[in-house]
Amino acid sequence: MIEQLQTGSPKIIGFRFSGKLHDADYATLVPATEAAVLAEGKVRFFVQFDDFHGWDLPAAWDDIKFGARHYSDFERIAVVGERKWEEWMATLWKPFTKATVKYFDASEADAAWVWLREGI
């Protein structure tokens, strides 16, 4: 499931990913992201993995298309996770975006928000 989070700034969009993601889950992520980019230009992106179990194949394809479409639309991406493989994923994303990508452990979620809000 993808749940949109309140960020307090139109320049920051945030989501919580939990369980296993399916194609339909991107019906939340894609329109919200595209509306923010259209309104603000470059935005900052917060994603929190919470009991996350990955993607099914159609959702994985949606994620690849999403990344390609928004390659240069993000300034910063904060990835908050609970597991070592989630930290590894944040590192894997770096070549696929112009954004600065930074991983935070779940215990550091507040620091992720502070980092995203710097200079806004």
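See the structure shown above.
Summary of the structure given here. (Residues numbered from 1 in each chain as written. Predicted model: local features only at pLDDT ≥ 70, side-chain atom pairs only at ≥ 80, totals over all residues. Heavy atoms only, no water.)

Backbone hydrogen bonds hold the strands of a sheet together, and the pairing may be parallel or antiparallel. The 5 strands lie next to each other as E1-E2-E3-E4-E5, forming an open sheet whose pairing is mixed. A single partner strand is all that each edge strand has here, and the edge strands are strand E1 (2-5) and strand E5 (100-105). Neighbour-to-neighbour, the strand axes of the sheet open up by a mean angle of 20°, direction not taken into account. The sheet contacts of helix H2 (residues 57-69) involve strand E2 (12-21), strand E3 (43-55) and strand E4 (74-81), and relative to E3 the element is tilted by about 165°. (Pairing = 2+ DSSP bridges. Helix = DSSP H or I, 4+ residues; strand = E, 2+ residues; numbered from the N terminus. Axes fitted to C-alpha atoms, helices over the stretch in contact; angles between N-to-C directions. Contact = heavy atoms within 4.5 Å.)

Judged from the 4 bridges that link them, E1 and E2 form a sheet pairing that is antiparallel. Paired with isoleucine 2 across the two strands is phenylalanine 17, which belongs to E2. The hairpin formed by E1 and E2 contains 6 residues between the paired strands, and glycine 8 there has a positive phi angle of roughly 80°.

When its volume is computed, the largest pocket comes out at roughly 570 Å³. What lines the largest pocket is a set of 20 residues, and nearest its centre among them are Asp63, Ile64, Gly67, Trp93 and Phe96. At the level of elements, E3, H2, E4 and helix H3 (84-93) are the ones that each hand at least two residues to the lining of the largest pocket. For the lining of the largest pocket, the element with the most residues is H2, which contributes 6 residues. Looking at side-chain class alone, the lining of the largest pocket contains 16 nonpolar, 3 polar and 1 charged residues. (1 Å grid on protein atoms, 1.4 Å probe; cavity = no way out; pocket = protein on both sides within 12 Å on 5 of 7 lines; lining within 4 Å. Points joined across faces, edges and corners; volume = space filled by probe spheres on them. Nonpolar A, V, L, I, M, F, W, Y, C, P; charged D, E, K, R; others polar.)

Before going further, it helps to examine helix H1 (residues 26-40). For H1, which comprises 15 residues, the first-to-last C-alpha distance of 21 Å matches the rise-based estimate of 21 Å (1.5 Å per residue) to within 8%. Considered for burial, the residues of H1 that qualify are Tyr26, Leu29, Val30, Ala32, Thr33, Ala36 and Val37. Buried residues along H1 sit against E1, E2, E3, H2 and E4. Glycine 41 occupies a position one or two residues after H1 and carries a positive phi of about 80°. (Expected span 1.5 Å × (residues − 1). Buried < 20%, exposed > 50% of the residue type's maximum accessible area, 1.4 Å probe, protein only.)

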